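Each chain is listed here by its residues.
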Amino acid sequence: VGATLDVTADQRFAADIVLERRGGDLLITDELGIAQSLGLTDLRVSLVARDGLWQFAQAAAGTRLGEMAGAQVLRTGADRRWPAADTPMEGVLEMRVANLGAWGAWVPPGWRLGGNLRVSAGLGGRFGTPELRGEMVGRQLAVRNVLQGVNLTDGELQASLAGDQVKVERFGFQGGDGTLVLTGGGTL
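Thresholds, definitions, all that
- Residues numbered from 1 in each chain as written.
- Predicted model: local features only at pLDDT ≥ 70, side-chain atom pairs only at ≥ 80, totals over all residues.
- Heavy atoms only, no water.
- Core = buried A, V, L, I, M, F, W, Y, C linked by side-chain atoms within 4.5 Å.
- Buried < 20%, exposed > 50% of the residue type's maximum accessible area, 1.4 Å probe, protein only.
- Phe/Tyr/Trp six-rings, centres within 6.5 Å; stacked < 30°, edge-to-face > 60°.
- Helix = DSSP H or I, 4+ residues; strand = E, 2+ residues; numbered from the N terminus.

What about the nonpolar core?
Residues Val97, Leu100, Leu117, Val119, Ala121, Leu141, Leu157, Ala159, Leu161, Val166 and Phe173 constitute the largest nonpolar core, which totals 11 residues. By size, the runner-up hydrophobic cluster in this structure holds 9 residues, among which are Phe13, Ala15, Leu47 and Met89.

What follows is the structure, encoded as structure tokens:
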């Protein structure tokens, strides 16, 4: 991992900050002590701020991790050291995970995940209260915990993001001889 920092804080604030992967990989160890490589190919977070224009960008990619990218823009006064909570913002967030099983190290012990997930969203609102507009789509989802007797397969997710609301249009699984289907919504 490497970084470059160039910050000027005179009468006008300016910054060019980059934190990025320069080589190597990350290993995640599960509860059994088995190390799993993320296969990192890209990892980068950056901020460029000049004359009141703030540009944030994020990117991560790995053969097992999937791909994630985002970019956000805020406009504020050139003398501001950080955007105020009421600063308007716009941007995008994209994520694609081809194999959710690779994320198993981040779920509680004994739980296993499967399937793929895609999130595509535009970002708006204010810096302190961001709003998302877009969708989440999951296919071939699976959740398993042998000790708890959970074995859900053939899952799918279709959800829309609107402001601070999530509308779950379909979230369903097959389990044994039955089917579990959920709909509804929630507040982020």
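Next comes the rest of the description.
Quick notes on the packing of aromatic side chains
Within the structure shown, the criterion is met by 7 aromatic pairs. Here the aromatic rings of Trp54 and Trp82 are separated by 5.7 Å at their centres, their planes lie at 80 degrees, and the arrangement is edge-to-face. Pair noted here: Trp54 is in strand E6 (residues 53-62) and Trp82 is in the loop between strand E7 (66-75) and strand E8 (89-97), with a separation of 28 residues, a long-range link. We classify Trp54 as buried; its relative accessible area is 2%. Ring centres of Trp82 and Phe127 lie 5.7 Å apart, and the angle between their planes is 65 degrees; on these two criteria the pair is classed as edge-to-face. In this pair, Trp82 is assigned in the loop between E7 and E8 and Phe127 in the loop between strand E9 (112-126) and strand E10 (129-145), connecting sequence segments 45 residues apart. Aromatic rings pair up to connect Phe13, Trp54, Phe56, Trp82 and Phe127 into one cluster.

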